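# Observations on the three-dimensional arrangement
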Amino acid sequence: MILTKLAYKSLLNRRASVLLTLFTIAISVMLLLSIERIRVDAKSSFSNTISGTDLIVGARTGDIQLLLSSVFRIGYANNAVSWQSYKYITSQRGVKWSIPISLGDSHKGQAVVGTTPDYFKYYRFAKKQQLSFQQGGAFEHLNQVVLGSEVASSLGYKLGDEIVISHGMGNTSFHHHKDNPFHVVGILNATGTPVDKTLHIPLAAIDLIHAGRHSSHTLDEHDEHDEHDEHDERDEHDDLIGEPTQITAFLMGFDSPLYTLQIRRNINQYKKEPLLAIMPTVTLKELWQMLAIVEKVLLLFSSVVVLVSLLGMLTTLLANLNQRRRELAILRSVGAKPWQLFTLISIESLLTTLLGCLVGAALYYIVMLISSSYLQSYGGISVNIAMLSYYELTLIGVIMAAGFIIGLVPATRAYFYSLSDGMSIKA
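Reference entry: report on the structure contained in this document. Just so it is clear, the model here is predicted, and its values are computed rather than measured. (Residues numbered from 1 in each chain as written. Predicted model: local features only at pLDDT ≥ 70, side-chain atom pairs only at ≥ 80, totals over all residues. Heavy atoms only, no water.)

### A word on the packing of aromatic side chains
Enumeration over the complete set of coordinates arrives at 9 aromatic pairs. Relative to Tyr86, the ring of Trp83 lies with its centre 4.7 Å away and its plane at 35°, an arrangement referred to as tilted. Pair noted here: Trp83 and Tyr86 are both in helix 4 (residues 83–90), with a separation of 3 residues, about one helical turn. Among the aromatic side chains, those forming a connected cluster through ring pairs are Tyr119, Phe120, Tyr123, Phe133 and Phe139. The ring of Tyr88 carries the charged tip of Lys272 above its face, separated from the ring centre by 5.6 Å. (Phe/Tyr/Trp six-rings, centres within 6.5 Å; stacked < 30°, edge-to-face > 60°. Helix = DSSP H or I, 4+ residues; strand = E, 2+ residues; numbered from the N terminus. Lys NZ or Arg CZ within 6 Å of the ring centre and 35° of its normal.)

Given below as structure tokens:
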């Protein structure tokens, strides 16, 4: 107890150098915990790029290829799904909702998705969060478009602006649909997913502008015709869907997981056309395994940060020890034993490490609270701010143990200091 009190007062007496060492340890602990939390939550958020969707159905291809084309807008779908098959499959028992999507168009390198109003109602991301609007709302007419947050910010669009989409994905456009411009009616909030880089238009508009009708009719004319002449036959929702010949893929949600497995098997054995149904959560995990190098890099970076911090701590302790030789000699002169000096230096290093870990943990929570919304909006990482996990507590325990072991080096040197070593120091 006496040695602990003496170690505490010694640290206060050397508070400038101690605070520097403590700050170094705190920063390393904060970085280690932050990187570990981001690593874990990045993996979880990647698996939740699309959430709450039980099945994704498209033409038969590879699981990952279908996921990349339908969710990440990467690559191309080799074939399409007939509208008749879509209607038949989604009419099966247990289907709670479905979202058809049609790809193949773009605007200044950004993907255009033809879909229905159900997209904004049922699409989920990051632990079943629903899409929300920063400005405006969902499209209600054929010539309207809803923009992802990044499309609006990077291209400088606002509500009411006119947009011309082009046939072809990415920066390769084969034809511009200048006769059928779209008007911005909604801008989505940032999600950190491919939705941010997507333009959303009615599914029926995709069919109309590719059916050759734009040469004699525009979407405005067709929309006006529907409102006045066909209002009794088709409601507004059906006008936005139309009767397309085919679609790229569709998303499905079910009342029960049992229906998911049963209908998935039936789709994969569908005889009228070759189709593939994948479970996005499973396929996303498989895709992450292919990107496991990211985890390894983050773990390596964490280890390097801690190692550098501990080496810095060792350097500081050894430098301080050289300056404290007279102090240690005075303690020896009043009766302190070598083992007591060894214990004193060890306690000091342990207290410094403990305080550094506590301050680092506090800084970690502050940083996570400040950056969580930014990471969600721009990095797509949904940060789970909770009590430290067993693994994170183990990491802190390892740091404390390493700090204690490093403190044994100057403590051992102090043990072998003789009384004359401190008294004979030259000024």
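### Describing the nonpolar core
Within the largest apolar cluster, 33 residues are counted, with the highest numbers of intra-cluster contacts made by Ile56, Leu67, Tyr123 and Leu131. Elements that contribute at least two residues to this core include exactly helix 3 (63–70), strand 3 (95–107), helix 5 (118–122), helix 7 (203–210), strand 15 (249–254), strand 16 (275–278) and helix 11 (280–290). A per-element tally of this core places strand 3 first, with 4 residues. In contact with Tyr123, other than residues within four places in its own chain, are Thr49, Ile50, Val71, Ile99, Asp118, Gln129, Gln130, Leu131, Val195 and Leu251. One finds Met30, Ala42, Val306 and Leu388 within the second-largest nonpolar core, a separate group that totals 22 residues. (Core = buried A, V, L, I, M, F, W, Y, C linked by side-chain atoms within 4.5 Å. Buried < 20%, exposed > 50% of the residue type's maximum accessible area, 1.4 Å probe, protein only. Contact = heavy atoms within 4.5 Å.)

### Describing the pairing of strand 13 (residues 198–202)
Most of strand 13 sits out of view: 5 of its 5 residues are buried. Bridge count between strand 4 (residues 110–115) and strand 13: 5 bridges; the pairing is parallel. Residue pairing in the sheet places Thr115 in a bridge with Pro202 of strand 13. Looking at chain direction, strand 8 (residues 144–147) and strand 13 are connected through 2 bridges and run antiparallel. Residue Leu147 lies in a different strand from strand 13, and its bridge partner there is Leu199. (Pairing = 2+ DSSP bridges.)

### Digging into helix 3
Residues three or four positions apart in an α-helix share a direction because the helix packs 3.6 residues into each turn. When helix 3 is considered as a whole, its buried residues turn out to be Leu66, Leu67, Ser69 and Ser70. Elements in contact with the buried residues of helix 3: strand 1 (55–59), strand 3, strand 15, strand 16 and helix 11.

### Some words on the pairing of strand 8
Neither face of strand 8 is open: one carries Gln144 and Val146, the other Val145 and Leu147, and all of them are buried. Relative to strand 12 (residues 182–188), strand 8 runs parallel, the two sharing 4 bridges. What sits directly across from Val146, in strand 12, is Gly186.

### As for the packing of helix 2 (residues 15–47) against helix 11
At a closest axis distance of 8 Å, the pairing of helix 2 and helix 11 adopts a crossing angle of 135°. Taken together, helix 2 and helix 11 sit at an angle that is classed as oblique. In this structure, helix 2 uses Ala42, Lys43, Phe46 and Ser47 to contact helix 11, whose residues at the interface are Thr281, Leu284, Lys285, Leu287, Trp288 and Gln289. Among the residues making up the contact of helix 2 with helix 11, the classes are represented as 5 nonpolar, 3 polar and 2 charged. (Axes fitted to C-alpha atoms, helices over the stretch in contact; angles between N-to-C directions. Parallel < 35°, antiparallel > 145°, perpendicular 65-115°, else oblique. Nonpolar A, V, L, I, M, F, W, Y, C, P; charged D, E, K, R; others polar.)

### Concerning the pattern of salt bridges
Think of it this way: side chains of opposite charge can pair up when their charged atoms draw near. The full count for this structure, using the stated rule, is 2 salt bridges. Residue Glu392 is joined to Arg37 by a salt bridge in which the shortest nitrogen-to-oxygen separation is 2.9 Å. Of this pair, Glu392 sits in helix 15 (residues 390–415) while Arg37 is found in helix 2, placing the two residues 355 residues apart along the sequence. Pair check on accessibility: Glu392 and Arg37 agree, each one buried. (Salt bridge = Lys/Arg side-chain N within 4 Å of Asp/Glu carboxyl O.)

### Regarding the environment of Leu33
You can see Leu33 is positioned in helix 2. Sequence-wise, Leu33 and Leu388 are 355 residues apart; in three dimensions their C-alpha atoms are separated by 8.9 Å. Dropping the residues within four chain positions of it, Leu33 is found in contact with Ala361, Tyr364, Leu388, Glu392 and Ile396.

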